[in-house]
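# Structural overview for review
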Amino acid sequence: LVESDSMVQCNYVRLQTEDKPGVIGKIGSIFGEFSVSIKSIVQFDSTERTAEIVVITDQVSKGQMKKSLNMISNLIEVKNISAHSEIHKLVRNS
């Protein structure tokens, strides 16, 4: 059996944050601390106070992802993590 924290998959994360300089950098730095590689990071729906940031990661262990999201959720600029889901790839045999 494999421990769930060692299972590897890509992830989709949507965050509601303050709209100010440096927020994406702080999020990226935390992912980097835990060796989480970012495939894509985009900011949407920015208002004068809030922004929605969407991150898609490369494959990473659940344990690394949990630790990263715990630290990210503690950033004062992050209002909440509004979505997090694992991306499972289907492999077809030809």
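Residues numbered from 1 in each chain as written. Predicted model: local features only at pLDDT ≥ 70, side-chain atom pairs only at ≥ 80, totals over all residues. Heavy atoms only, no water.

### Considerations on the nonpolar core
By size, the foremost hydrophobic cluster in this structure holds 15 residues, and its most contacted members are Leu 15, Ile 27, Phe 31, Met 65 and Ile 72. Mapped by element, the contributors of at least two residues to this core are β1 (8-18), α1 (23-33), β3 (50-57) and α2 (62-73). Sort the elements by how many residues they give to this core and α1 lands first, with 4 residues. Ignoring sequence-local partners within four residues, the contact set of Met 65 consists of Asn 11, Val 13, Phe 31, Val 36, Thr 57, Val 60 and His 84. (Core = buried A, V, L, I, M, F, W, Y, C linked by side-chain atoms within 4.5 Å. Buried < 20%, exposed > 50% of the residue type's maximum accessible area, 1.4 Å probe, protein only. Helix = DSSP H or I, 4+ residues; strand = E, 2+ residues; numbered from the N terminus. Contact = heavy atoms within 4.5 Å.)

### Looking at the environment of Met 65
Of note, Met 65 is situated in helix α2. A residue is classified by how much of its surface remains accessible, and Met 65, at 2% relative accessible area, is buried. Spatially, the C-alpha atom of Met 65 lies 10 Å from that of Glu 86, the residues being 21 residues apart in sequence.

### Considerations on unusual backbone geometry
In this structure, Ser 35 takes a positive phi of about 55° despite not being glycine. Within the secondary structure, Ser 35 sits in the loop between α1 and β2 (38-44). Residue classification places Ser 35 among the exposed residues on the basis of a relative accessible area of 57%.

### Re the environment of Val 13
When you line up the elements, Val 13 lands in strand β1. Measuring from C-alpha to C-alpha, the distance between Val 13 and Ile 56 comes to 6.4 Å, with 43 residues separating the pair along the chain. If we skip the residues at most four places from it in the chain, Val 13 touches Ile 53, Val 54, Val 55, Met 65, Leu 69, Ile 81, Ala 83 and His 84.

Purely spatial values, then, with no claim about function.
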